[in-house]
Amino acid sequence: MEIERAGAHQLLRGGPVDGRTLPAHLEGAELERHIEERVLTTTLDRAVAWARSNSFFPLGFGLACCAMEQFHAAGPRMDIARFGFEAFRASPRQADLIILAGRVSIKMAPIIRRLYDQMLEPKWAISMGACCSSMGVFNNYALVPADKFLPIDVHVPGCPPRPEALMHGILKLRKLVQDDPEAGWRERYDALGTEESPLDA
Amino acid sequence: MPDATGLELLGRELGDAVLETVYFRRRATILIDPTQVRSVLATLRAQGYTFLASVHGVDHYPEEPRLGVLYELLDMSRIDRVAVKLRVPTDAPEVQSVTPEWPTADHQEREVYDMFGVVFEGHPDLRRILMPEDYEGHPQRRDFPIGGEPVHFTHNDPANDAPAR
């Protein structure tokens with residue numbers, strides 16, 4: 001850390017950094033321009049949102065045929081690792097994005113809700129495919145749409161959606177998290193203040 | 001399959017439990033008295049039909065008696081199949097369970113109970129198997145509403161009610 005700080009100091013003052021010799025003793029307009037070119041300023045929130053949105057940890061939760069397309073999104077052709085979403089987690093405690101890939105039966109819904117509740121904040125949910133958004137061809141007594149028990153951020157249409165469509169959905173979510181970090185489900189569902197805190201336990 | 005004559009002979013073995021024998025498209029079916037299902041299946045097992053391939057339910061709505069249960073039996077040494085059918089009314093949908101003799105019927109009878117509401121007497125653990133345990137009704141009955149959610153399609157979008165071009 002000290003070394004980095006010294007490096008930044010030298011960078012601003014124009015001293016030698018990493019063996020490269022920079023113009024010494026810049027002043028005035030030249031110094032301004034030097035700083036503009038080399039220093040990036042942002043807010044902590046935006047920096048955190050940038051980091052989060054580029055490394056979602058999806059909870060691998062395939063429910064039906066959509067899961068096949070989800071696997072292919074992680075496979076070599078689509079390769080969501082390019083965007084940093086390849087770390088599919090088997091435990092909800094380590095995940096911050098649940099992709100509901102497939103049909104949700106009435107019997108499965110409480111289990112999914114429980115998994116979602118076990119995920120750590122902040123968390124997002126993608127409903128993949130027709131079944132879990134509008135119940136698709138299985139619109140009957142056995143299924144329940146995901147919106148009834150989860151705050152879904154992105155719906156990906158299709159039956160099943162191609163891996164490209166899921167990619168597009170995840171990138172939409174990335175854009176949402178980057179551009180509007182406050183647009184989480186608590187905001188949308190008027191649930192601010194319901195965050196769990198270790199002090200409540 | 002037994003041929004038509006073989007089916008008649010098989011029916012004769014079963015005595016007064018048989019209500020009807022049907023031989024249709026090389027498929028032998030015996031319609032039996034629902035109270036005697038256990039003895040009928042025991043007799044057929046002694047005849048060589050030792051494998052209960054499937055138990056499933058049927059709803060013959062609006063005919064009465066409405067609910068049907070089918071037992072598909074297979075003789076594995078002769079590659080010979082016979083189907084045993086019975087019918088029970090919805091107001092008294094009780095059938096003897098064959099699970100004690102045919103353990104494979106356990107889950108299948110639970111499914112028929114879940115989907116059609118046929119109660120199998122003597123079943124060791126007659127609970128719903130597919131639907132949640134607090135679910136009301138038997139969804140595969142033909143008078144059960146199909147359920148589901150209203151979906152916003154093009155044809156039921158009010159914005160599309162404009163007169164046709």
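Here the residue index of a chain counts from 1 through its sequence in written order. The order in which chains are written sets their letters, starting at A; the order in which ligands are written sets their numbers, starting at 1. Whole-chain, interface and lining totals are the exception, using all residues; otherwise, since this is a predicted model, local features are given only for residues with pLDDT of at least 70 and side-chain atom pairs are given and counted only at 80 or more.

A. Structural context of the sheet that holds strand 3 (residues 51–59) of chain B. Residues and elements named next belong to chain B. Judged by pairing direction, the sheet is mixed, and its five strands sit side by side in the order 1-2-5-4-3 without closing on themselves. The open sheet terminates on both sides in strands that have one partner only, identified here as strand 1 (18–24) and strand 3. Across the sheet, the axes of successive neighbouring strands diverge by a mean angle of 20°, strand direction being ignored. Pairing between two strands is assigned when DSSP locates at least 2 bridges connecting them. Secondary structure elements are defined from DSSP: runs of H or I of at least 4 residues count as helices, runs of E of at least 2 residues count as strands, and each element is numbered from the N terminus. Taken together, the three bridges between strand 2 (residues 27–32) and strand 5 (residues 80–88) define a ladder with parallel strand orientation. Residue L31 lies in a different strand from strand 5, and its bridge partner there is K85. Contacts are defined on C-beta atoms placed from the backbone: any two residues whose C-beta positions lie within 7 Å are in contact. Axes here mean lines fitted to C-alpha atoms, for a helix over just the part in contact, with angles spanning 0 to 180 degrees between N-to-C directions. On the sheet, helix 1 (residues 4–14) packs against strand 1, strand 2 and strand 5 and is oriented at approximately 165° with respect to strand 1.

B. Quick peek at the packing of helix 3 (residues 44–53) of chain A against helix 7 (residues 163–179) of chain A. All names here are of chain A. In the contact formed by helix 3 and helix 7, the axes pass within 8 Å of each other and the chain directions differ by 165°. One finds that helix 3 runs roughly antiparallel with respect to helix 7. As for how helix 3 packs across helix 7, the hand of that crossing is right-handed. Counted together, A49, W50, R52 and S53 of helix 3 and R174, V177 and Q178 of helix 7 form the full contact between these two elements. Oblique is the label for any angle not under 35 degrees, not over 145, and not in the 65 to 115 range, which are roughly parallel, roughly antiparallel and roughly perpendicular in turn. Helix crossings fall into two classes, left-handed where the near helix is turned counterclockwise from the far one by less than a right angle and right-handed where it is turned clockwise.

C. Up close: the pairing of strand 2 of chain B. Residue and element names in this part refer to chain B. Using C-beta atoms placed from the backbone, we call a residue buried if 20 or more other C-beta atoms fall within 10 Å of its own, exposed if 12 or fewer do, and partly exposed for counts in between. The alternating pattern of strand 2 places A28, I30 and I32 on a buried face and R27, T29 and L31 on a face that is not buried. Two elements, strand 1 and strand 2, share six bridges in a ladder whose sense is antiparallel. Within strand 2, the position partnered with T21 by the bridge is I30. Counted between consecutive antiparallel strands, the loop separating strand 1 from strand 2 contains two residues, among which R25 sits at a positive phi close to 50°.

D. Up close: the sheet that holds strand 3 (residues 124–128) of chain A. Residue and element names in this part refer to chain A. Strands sit in the order 1-2-3-4 across an open sheet of four strands; the sheet is parallel. Of all the strands in the sheet, just strand 1 (58–59) and strand 4 (154–156) have a single pairing partner and so form its edges. Relative to strand 2 (residues 97–101), strand 1 is paired through two bridges, and the arrangement is parallel. Residue pairing in the sheet places P58 in a bridge with L97 of strand 2. Its contacts with the sheet place helix 4 (residues 66–74) against strand 2 and strand 3, and it is angled at close to 135° to strand 2.

E. The arrangement of the interface of chain B and chain A in detail. Tallying the contact residues gives eight residues for chain B and eight residues for chain A. Three residue categories are used. Nonpolar comprises Ala, Val, Leu, Ile, Met, Phe, Trp, Tyr, Cys and Pro, charged comprises Asp, Glu, Lys and Arg, and polar comprises the others, including Gly. Taken together, the residues of the side of chain B that touches chain A sort by class into five nonpolar, two polar and one charged.

F. Examining the confidence of the model for chain B more closely. Within a predicted model, pLDDT stands for the predictor's per-residue confidence, ranging from 0 to 100. The predicted model of chain B has a mean per-residue pLDDT of 89, with 96% of residues at 70 or higher. On the interface metric, ipTM, the complex scores 0.72, and its pTM is 0.76.

G. Fine view of helix 3 (residues 105–116) of chain B. Residues and elements named next belong to chain B. Helix span, as expected, comes to 1.5 Å for every residue beyond the first. The end-to-end C-alpha distance of helix 3 is 16 Å, a good match for the 16 Å that 12 residues give at a rise of 1.5 Å each. Along helix 3, 10 of the 12 residues are buried, which leaves the element largely enclosed by surrounding structure. The elements touched by buried residues of helix 3 are strand 3, strand 4 (67–75) and strand 7 (119–121). Just downstream of helix 3, G117 is the residue with a positive phi angle, here 80°.

H. The arrangement of unusual backbone geometry in detail. Here A:E121 and A:P122 are connected by a cis peptide whose omega angle stands at -5°. Relative to the assigned elements, A:P122 resides in the loop between helix 5 (109–118) and strand 3. In this model, B:E64 is joined to B:P65 through a cis peptide bond whose omega is -10°. One can find B:P65 in the loop between strand 3 and strand 4. The phi torsion at B:R25 lies on the positive side, around 50°, for a residue other than glycine. With respect to the helices, strands and loops of the structure, B:R25 is situated in the loop between strand 1 and strand 2. The phi torsion at B:I79 lies on the positive side, around 50°, for a residue other than glycine. Among the structural elements, B:I79 can be located in the loop between strand 4 and strand 5. Taking the number of C-beta atoms within 10 Å as the measure of exposure, B:I79 has 8 and is therefore exposed.

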